[in-house]
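Summary of structural features
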Amino acid sequence: MTSPSSAPAPRQPNTALFTDQYELTMLQAALHSGAAHRRSVFEAFARRLPDGRRYGVTAGTGRLLEALASFRFGDDQLGYLSDKSIVDDRTLDWLAGFSFTGDIFGYAEGEAYFPNSPILIVESTFAEACILETLVLSVLNHDSAIASAASRMTSAAAGRPCIEMGSRRTHEESAVAASRAAIIGGFASTSNLEAGRRYGVPTVGTAAHSFTLLHDTERQAFEAQVQALGRGTSLLVDTYDVEQGVRTAVEVAGPELGAVRLDSGDLVTQARWVRELLDDLGNTNTRIVVTSDLDEFAIGLLASAPVDAYGVGTSLVTGSGAPTAGMVYKLVSREDNNGDFVSVAKAAKNKASVGGRKYALRRLDENGKATAEVVGISASPSDDGNDRPLLQQLVKGGEVLPGWTGPEGVQRAALRHSESVAELPESVHRLQRGEPAIPTEYEEILP
């Protein structure tokens, strides 16, 4: 990755209206009732993992903190709200002076999570925390879904590098976020240049079929690419006949040819005979890169094939069947009229939540392997000696703490992902449907 100091800080648009209207109408009503300024605790969590998944990966935290800095109601935003009569003048006045002044705690980006893990905790007034709901959920739900899919894919790849190349299959800004989340989930590089610029992640890319079709012959296309990019480039050899494409690529680039890319057909069978052909032609160091609508299951099937790297697009940027992490954002504790905190919780069938400010640790056995997600209510759960606390402070008094954003934040999150997954039971590497790898246990601390 690019050194954090050498990459520019991401430039954020104003995010104040990345907000559902009911957040502002609740704010207006709370200002009128006098409850808007009650100290409150909101929690983001997922009631369950996507069907059959054994763990999730926290992602988007750094992007959320970057977006929080530009969550301000300027003249354009206030003018729109006034013109459309969405809120009254009293609420407009409050919004005009808004900046977040509370504290935020959360799982470190890259950390594995499980059902009901308290992934993000916002402590502030009701008014301040309430209007952040859509921003929090839109960022965490998208990025965590992508990082979770990426983690399954890199697990299936078993050490072979994965390349993110799904920008053309999603919204342009989602593409940047997906690239960032993929790196956190273990991918080695991305094709997206804006992700490289903002977050210092490695970018790669050579040529598509159109480049070959542009030239009168495949040989001419390969010669032009090698002359421009060097012999270490990757040549796409399946525009016409794969065997002839490999032979031509070797003739043009010689034994220094970096890689050939296969993008169609029976990739397992094809990779095997292409490897044999490359070796017979003396190109024993030329790698084989495969693409073509891969997901974690296809990558798993390619484990026995002589493949050196995988390029993944559509399945990754759509969460490989789980495009959202299913997180919700709930009020779990608030001040009463006496200034004392009371636990609150939704009781609706199938959507019940657990009240109270949460604390969390990962229970580890004598070998350092996770055995449970332990969530304490109102106080930290008991530590049996080697357990690992999970909640980190991200924002203090409205100020984002250093190390969580920009390129440094991505590097830190990718490392946390690697270490967190290594700590989990071996069952997390199975692609078959299953229950969460470890249970979530509550420990209520009575006063």
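We now turn to the structure provided with this report. (Residues numbered from 1 in each chain as written. Predicted model: local features only at pLDDT ≥ 70, side-chain atom pairs only at ≥ 80, totals over all residues. Heavy atoms only, no water.)

1. Remarks on the overall build of the protein chain
- The helix and strand tally for the protein chain stands at 15 helices and 19 strands.
- Taking 447 residues into account, the globule formula puts the C-alpha radius of gyration at 22 Å, and the protein chain, at 25 Å, falls close to it.
- Dimensions along the principal axes, computed over C-alpha positions, put the protein chain at roughly 80 × 55 × 40 Å.
- For the protein chain, restricting intrachain contacts to residue pairs at least 6 apart in sequence, the fraction spanning at least 24 positions comes to 74%.
- Total accessible area on the protein chain stands at roughly 19,200 Å², and carbon and sulfur atoms take up 49% of it.
- Side-chain charges in the protein chain split into 41 positive and 57 negative, and the spacing between the mean points of these groups amounts to 3 Å. (Helix = DSSP H or I, 4+ residues; strand = E, 2+ residues; numbered from the N terminus. Rg over C-alpha atoms; globule rule 2.2 N^0.38 Å. Contact = heavy atoms within 4.5 Å. Areas by Shrake-Rupley, 256 points an atom, 1.4 Å probe, with all protein chains shown as cover. Lys, Arg positive; Asp, Glu negative; His and termini not counted. Charge placed at Lys NZ, Arg CZ, Asp CG, Glu CD.)

2. Concerning the sheet that holds strand S1 (residues 39–46)
- The strand order across the open sheet built from 7 strands is S13-S12-S1-S5-S3-S17-S18, with neighbouring strands paired in antiparallel fashion. Each edge of the open sheet is held by one strand with a lone partner, namely strand S13 (341–343) and strand S18 (399–400).
- The sheet strands contacting helix H2 (residues 61–68) are strand S3 (103–107), strand S5 (120–125), strand S17 (391–396) and S18, and the helix crosses S17 at an angle near 15°.
- On the sheet, helix H6 (residues 133–157) packs against S1, S5 and strand S12 (327–335) and is oriented at approximately 140° with respect to S12. (Pairing = 2+ DSSP bridges. Axes fitted to C-alpha atoms, helices over the stretch in contact; angles between N-to-C directions.)

3. With respect to helix H15 (residues 406–423)
- Taking 1.5 Å per residue as the helical rise, H15 with its 18 residues ought to reach 26 Å, and the 26 Å between its terminal C-alpha atoms agrees with that figure.
- Along H15, the residues that are buried comprise Gly406, Pro407, Gly409, Val410, Ala413, Ala414, Arg416, His417, Ser420, Val421 and Glu423. (Expected span 1.5 Å × (residues − 1). Buried < 20%, exposed > 50% of the residue type's maximum accessible area, 1.4 Å probe, protein only.)

4. Some details on the environment of glutamate 194
- Among the secondary structure elements, glutamate 194 is positioned in helix H8 (residues 193–199).
- Only 2.8 Å separates the side chain of glutamate 194 from the side chain of arginine 198, close enough to count as a polar contact. (Polar contact = N/O pair within 3.5 Å; in protein donor to acceptor, adjacent residues only side chain to side chain.)

5. Regarding the pattern of salt bridges
- Scanning the model with the defined rule gives 23 salt bridges in all.
- Notably, a salt bridge pairs glutamate 111 with arginine 362, separated by 2.8 Å at the nearest N-O pair. Of the two residues, glutamate 111 sits in the loop between S3 and strand S4 (112–113) while arginine 362 sits in strand S14 (residues 358–364), which places them 251 residues apart along the sequence. Accessibility classification places glutamate 111 together with arginine 362 in one group, the buried group.
- One salt bridge connects glutamate 419 with arginine 416, and the closest N-O pair in it is separated by 2.9 Å. Here arginine 416 and glutamate 419 lie together in helix H15, a separation of 3 residues that amounts to about one turn.
- Its relative accessible area of 41% is what places glutamate 419 among the partly exposed residues.
- Take arginine 416: its relative accessible area is 16%, and that puts it in the buried class.
- Three or more residues are tied together by salt bridges with common partners; here these are Glu111, Arg362, Glu373, Arg388, Arg416, Glu419 and Glu423. (Salt bridge = Lys/Arg side-chain N within 4 Å of Asp/Glu carboxyl O.)

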